[in-house]
Amino acid sequence: MAAINDGVDMAEHCSTCDRETPHAVRVQIQTESNKRENAAFSREPYRVSECQICGTTTSTRMNNA
């Protein structure tokens with residue numbers, strides 16, 4: 001996943017558009033456990049990227065331990 005950053009917009013390949021498009025990128029903490037008692041220990045950072053043309057969102061786990 002190559003990204004181009006010109007300081008204003010982040011451009012990445014969108015599989016839906018099948019071309020380089022501007023994306024909004026953020027880091028989001030997601031809980032991976034469905035059990036309430038384990039939820040505090042199952043949070044992981046994810047890189048979330050949303051195509052600004054078609055709205056397709058991809059989420060990639062950043063900590064693959």
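Before reading on, note that the structure itself is shown above.
Residues numbered from 1 in each chain as written. Predicted model: local features only at pLDDT ≥ 70, side-chain atom pairs only at ≥ 80, totals over all residues. Heavy atoms only, no water.

> Whenever I open this one, unusual backbone geometry confuses me. Can you help?
Of all residues except glycine, most have a negative phi; of all peptide bonds, most are trans. Non-glycine residue Asp-18 carries a positive phi angle of around 60°. By secondary structure assignment, the location of Asp-18 is in the loop between β2 (10-14) and β3 (19-31). (Helix = DSSP H or I, 4+ residues; strand = E, 2+ residues; numbered from the N terminus.)

> What should I look at first to understand the pattern of salt bridges in this one?
Where charged atoms of side chains with opposite charge meet at close range, the side chains can pair. Within the structure shown, the criterion is met by three salt bridges. Of the charged contacts, one joins Arg-61 and Glu-32 as a salt bridge, the two residues approaching to 3.0 Å between their closest N and O atoms. Residue Arg-61 is found in strand β5 (residues 57-61), and its partner Glu-32 is found in the loop between β3 and β4 (43-51); the two are separated by 29 residues along the sequence. Given the relative accessible area of 25%, Arg-61 is considered partly exposed. The exposure class assigned to Glu-32 is partly exposed, which follows from its relative accessible area of 36%. Here Arg-61 makes a salt bridge to Glu-44, at a shortest N to O gap of 3.3 Å. Remark: Glu-44 occurs in strand β4 and Arg-61 occurs in strand β5; sequence separation between them is 17 residues. (Salt bridge = Lys/Arg side-chain N within 4 Å of Asp/Glu carboxyl O. Buried < 20%, exposed > 50% of the residue type's maximum accessible area, 1.4 Å probe, protein only.)

> Teacher, can you tell me more about the state of the cysteines here?
Throughout this description, disulfide means a covalent bond between two cysteine sulfur atoms. According to the stated counting rule, one finds zero disulfides in the structure shown. With no disulfide of its own, Cys-17 lies closest to Cys-54 among cysteine sulfurs, the gap being 3.7 Å. Residue class for Cys-17 comes out partly exposed when judged on its relative accessible area of 22%. Lacking any disulfide linkage, Cys-51 is separated from the closest cysteine sulfur, that of Cys-54, by 3.8 Å. By relative accessible area, Cys-51 is classed as buried at 2%. (Disulfide = S-S within 2.5 Å.)

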